[in-house]
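Fold and geometry: a report
Below, each chain spelled out in residue letters.
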Amino acid sequence: MTAVVSRSASPASALVCRNCGAEYPLGPQHACFECFGPLEIGYDPSALARVTRADVTAGPSSIWRYAGFLPVGQDPSTRVDSGTGMTPLIRADRLADELGFTAPVWVKDDSANPTHSFKDRVVSVAITAARELGFDRIACASTGNLANSVAAHAARTGMASIVFIPADLEPAKIVQTAVYGGTLVAVEGSYDDVNRLCSELAETDEFESTAFVNVNVRPYYAEGSKTLGFEVAEQLGWRLPAQYVAPMASGSMLTKIHKGFKELIGTGLVPSSPWRVFGAQSAGCSPIATAFAAGQDVVRPVRPTGIAKSLNIGNPADGPYALDAVRSTGGSMASVTDDEIRAGIALLARTTGVFAETAGGVTVAVLKKLAESGQLDTTAETVVFNTGDGLKTVDAVGAGVGPTAVIRPTVKGMREAGLL
Ligand SMILES: *Cc1c(COP(=O)(O)O)cnc(C)c1O
Ligand SMILES: [Zn+2]
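This is a predicted model, so every value here is computed, not measured.

What follows deals with the sheet that holds strand E5 (residues 105-109). Pairing is mixed across the open sheet formed by 6 strands, whose spatial order is E4-E5-E13-E10-E11-E12. What marks the edges here is a single partner per strand, and that holds for strand E4 (89-91) and strand E12 (332-336). Across the sheet, the axes of successive neighbouring strands diverge by a mean angle of 25°, strand direction being ignored. Note: E4 against E5, 3 bridges, orientation antiparallel.

See the structure below:
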């Protein structure tokens, strides 16, 4: 009896301030009352240590096989399991060859998630937390992919949703949100304006029973990203890669993959081995990479431009923590132009058969840049995260990509086009 009870209890023990270490009871709170620093979920190490590889592999083929490392969803009946996770880890030998890698390069392809981006991971955990905490509506401020995922997960569970986006988002991302029903509010402003509005709304009485996935339940939301790190380790046969390259918007995902690796070592699920963390941004919005290059700890906000809209957060909440993960592991960061992003999308597509959205183009272009500059070790096993599907951002690559030839439906037509 006792074993069953402890197995289904949450391993989470408190909300912990990442800035000053103050602790608070678990619940819908995201900022420290002492210092206004961001809170994250703290765990009981002995609860995490009880998770075995067998527990994981006996679980569902989704992120919920890692429920033992998550703050919510220990009781399968409360989980929102949309089939998110266990996305392909593709060995990209042709990409590796082209970039001069002698060690394997792997692409973790999160475009295979239900709404075609990595955001399904964080939303699955956030909406499960929202239900366990008794909220009756979910909401978000989004650069696009989060909107898609929140609307879809709300539809699946029958929860009400209200989604806020910048009005100039890619048409595919607007359609892919609106189609699920729910309320979709297009705000005339940047993502940072949308985010500020949502922080204000979250304080109003009318939004008292609304969980903003990336505002008031953000500590829960952020934990969903750890599952990317867990899956990579499991898919490599329970070991860690020597280096990984991840895109950064707020910097949360990159940071949490790193946290996931540390938890796997702490619990003995993988042998201890060093890894280096590399961060990717676009030149149109590179506040974290710019701080890295300048050797600064403070991330100065910017006004985002450029085609990588899903990464366009000018004031990144987790910037300092991303800098810390990269610096403490001896990694690096870089940013790439819109032309390099398009070339990155094309390179990945033509060498691996994976069509990435602009964020994936950013990551592959940074992989190339850091390999060429010698900052990435081309003799070390490397994982690259593709976080979204190219069909979401076709306009970004559209101009240079089309038919090889347009012909009349005859053999002569083929000849005339020089194809015979
Ligand atoms: C949200 C997002 C990320 C990472 O965002 P963080 O805020 O840094 O966690 C990466 N790629 C895509 C496509 C995204 O939508
Ligand atoms: Zn604090």
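With that out of the way, let us pick up the environment of Asp 193. Structurally, Asp 193 can be placed in helix H8 (residues 191-202). Asp 193 gets classed as partly exposed once you look at its relative accessible area, which sits at 29%. Spatially, the C-alpha atoms of Asp 193 and Ala 291 are 22 Å apart, while their sequence positions differ by 98 residues. At a separation of 2.9 Å, a polar atom in the side chain of Asp 193 contacts the main-chain amide nitrogen of Ser 190.

Coordination sphere of the zinc ion (ligand 2), protein contribution only: Cys 17 (SG), Cys 20 (SG), Cys 32 (SG) and Cys 35 (SG), at 2.3 to 2.4 Å. Relative to the metal, the 4 donor atoms surrounding the zinc ion (ligand 2) lie at angles of 100 to 117°, and the coordination shape comes out tetrahedral. Each donor residue of the zinc ion (ligand 2) lies on one chain, and together they are spaced C-x2-C-x11-C-x2-C. With a gap of 12 residues between them, Cys 20 in the loop between strand E1 (12-17) and strand E2 (23-24) and Cys 32 in the loop between E2 and strand E3 (39-43) connect regions that are remote in the sequence. Among the residues examined, Cys 32 registers a relative accessible area of 1% and is labelled buried.

Here we come to the site of ligand 1. In the vicinity of ligand 1 lie 15 residues, with Lys 119, Asn 145, Ala 249, Ser 250 and Thr 387 positioned nearest. At 2.6 Å from an oxygen atom of ligand 1 is found a side-chain nitrogen or oxygen belonging to Ser 250. Here ligand 1 has 390 Å² of accessible area as a free molecule, and 97% of this is covered by the chains. Residue composition of the shell around ligand 1, by class: 7 nonpolar, 6 polar and 2 charged.

What follows is about the pattern of salt bridges. Within this structure, the stated rule accounts for 26 salt bridges. Note that Lys 259 is salt-bridged to Glu 40, the shortest N-O span being 3.9 Å. Of this pair, Lys 259 sits in helix H11 (residues 252-266) while Glu 40 sits in strand E3, placing them 219 residues apart in sequence. Asp 297 is the partner of Arg 327 in a salt bridge, and the nearest nitrogen-oxygen pair spans 3.2 Å. A residue pair is termed long-range when its members are at least 10 positions apart, and Arg 327 in helix H13 (residues 319-328) and Asp 297 in the loop between helix H12 (287-293) and H13 qualify at 30 residues. Accessibility expressed as a relative area gives 32% for Arg 327, which makes it partly exposed. When its relative accessible area of 58% is taken as the criterion, Asp 297 is described as exposed.

What follows is about the sheet that holds strand E7 (residues 160-166). With parallel pairing, the 4 strands of this open sheet are ordered in space as E8-E7-E6-E9. Only two strands of the sheet have a single partner each, and these edge strands are strand E8 (183-187) and strand E9 (210-212). For this sheet, the mean angle separating the axes of adjacent strands, direction not counted, is 20°. In the sheet, E7 pairs with E8 via 5 bridges, with the strands oriented parallel. Paired with Pro 166 across the bridge in E8 is Val 187.

Reading guide: rules and limits
Residues numbered from 1 in each chain as written. Chains lettered and ligands numbered in written order. Predicted model: local features only at pLDDT ≥ 70, side-chain atom pairs only at ≥ 80, totals over all residues. Heavy atoms only, no water. Pairing = 2+ DSSP bridges. Helix = DSSP H or I, 4+ residues; strand = E, 2+ residues; numbered from the N terminus. Axes fitted to C-alpha atoms, helices over the stretch in contact; angles between N-to-C directions. Buried < 20%, exposed > 50% of the residue type's maximum accessible area, 1.4 Å probe, protein only. Polar contact = N/O pair within 3.5 Å; in protein donor to acceptor, adjacent residues only side chain to side chain. Donors = N, O, S within 2.8 Å, 3.2 Å for Na, K, Ca; no water. Tetrahedral: all angles 85-135°; square planar, octahedral: opposite > 155°, others 65-115°. Near = heavy atom within 4 Å. Areas by Shrake-Rupley, 256 points an atom, 1.4 Å probe, with all protein chains shown as cover. Nonpolar A, V, L, I, M, F, W, Y, C, P; charged D, E, K, R; others polar. Salt bridge = Lys/Arg side-chain N within 4 Å of Asp/Glu carboxyl O.

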